[in-house]
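# Analysis of the macromolecular model
Letter by letter, the chains look like this.
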Amino acid sequence: RVRFRTAQPVYPLRLGQLSSTGIAMDLWTVGAHRMRARPLGTDFAGPAAVLRAAAPAAVRRYLAGAWITHLSSDFLAPEQMHRDLLPVPARHDVAYRRVITRYVYSPFP
């Protein structure tokens, strides 16, 4: 766990340069707007009110009117971690949910 004061959201990605292998990354943000942070892709973005499960009481007060954004990457190489991630508001607060469709073919009718 790392804690520090900052005037803007930041994820200390430069620490990943210490890794000898690539990493998978999931970053969740809660704020007034949908967020983006390159090189991560967006998996989900939407108002907290659309969540199916009720939020635990300990975090419910942080979610009033908030947007939740899930950003991820399946693989970041150490050389991609040369600077910290600075999530910034996206241009538009448009809800988004990535859908993955998998077609499974059977050799049997």
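A brief structural summary. (Residues numbered from 1 in each chain as written. Predicted model: local features only at pLDDT ≥ 70, side-chain atom pairs only at ≥ 80, totals over all residues. Heavy atoms only, no water.)

### Here we look at the side chain of Arg-34
Structurally, Arg-34 can be placed in the loop between strand E1 (23–31) and strand E2 (35–36). Buried Arg-34, no salt bridge; nearest opposite-charge side chain is Asp-93, N-O distance 6.8 Å. Polar contacts involving the side chain of Arg-34 include one to the main-chain carbonyl oxygen of Val-94, which spans 2.7 Å. Excluding its chain neighbours within four sequence positions, the residues that come into contact with Arg-34 are Thr-42, Ala-45, Trp-67, Thr-69, Val-88, Pro-89, Ala-90, His-92, Asp-93, Val-94 and Tyr-96. (Helix = DSSP H or I, 4+ residues; strand = E, 2+ residues; numbered from the N terminus. Buried < 20%, exposed > 50% of the residue type's maximum accessible area, 1.4 Å probe, protein only. Lys, Arg positive; Asp, Glu negative; His and termini not counted. Salt bridge = Lys/Arg side-chain N within 4 Å of Asp/Glu carboxyl O. Polar contact = N/O pair within 3.5 Å; in protein donor to acceptor, adjacent residues only side chain to side chain. Contact = heavy atoms within 4.5 Å.)

### Topic: the nonpolar core
Among the nonpolar cores identified, the biggest contains nine residues, and these are Leu-13, Met-25, Leu-27, Ala-37, Leu-40, Leu-71, Leu-76, Met-81 and Leu-85. Among the secondary structure elements, those contributing two or more residues to this core are E1 and strand E4 (67–76). Discounting residues that sit within four places of it in the chain, Leu-71 has contacts with Met-25, Asp-26, Leu-27, Met-35, Arg-36, Ala-37, Leu-40, Gly-41 and Thr-42. Counting five residues, the second-largest nonpolar core is a separate cluster that includes Phe-44, Ala-48, Leu-63 and Ile-68. (Core = buried A, V, L, I, M, F, W, Y, C linked by side-chain atoms within 4.5 Å.)

### Regarding the pairing of strand E3 (residues 41–47)
If a strand is regular, its side chains alternate between the two faces of the sheet. Counting buried positions along E3 gives five out of seven residues, so the element sits mostly inside the fold. Taken together, the six bridges between E3 and E4 define a ladder with antiparallel strand orientation. Paired with Gly-41 across the bridge in E4 is Ser-72. In this sheet, strand E6 (residues 96–97) lies alongside E3 in antiparallel orientation, the contact comprising two bridges. The partner of Phe-44 across the bridge, within E6, is Arg-97. (Pairing = 2+ DSSP bridges.)

### Some words on unusual backbone geometry
In this model, Arg-38 is joined to Pro-39 through a cis peptide bond whose omega is 15 degrees. Structurally, the position occupied by Pro-39 is in the loop between E2 and E3.

By themselves, these observations are geometric and do not establish any function.
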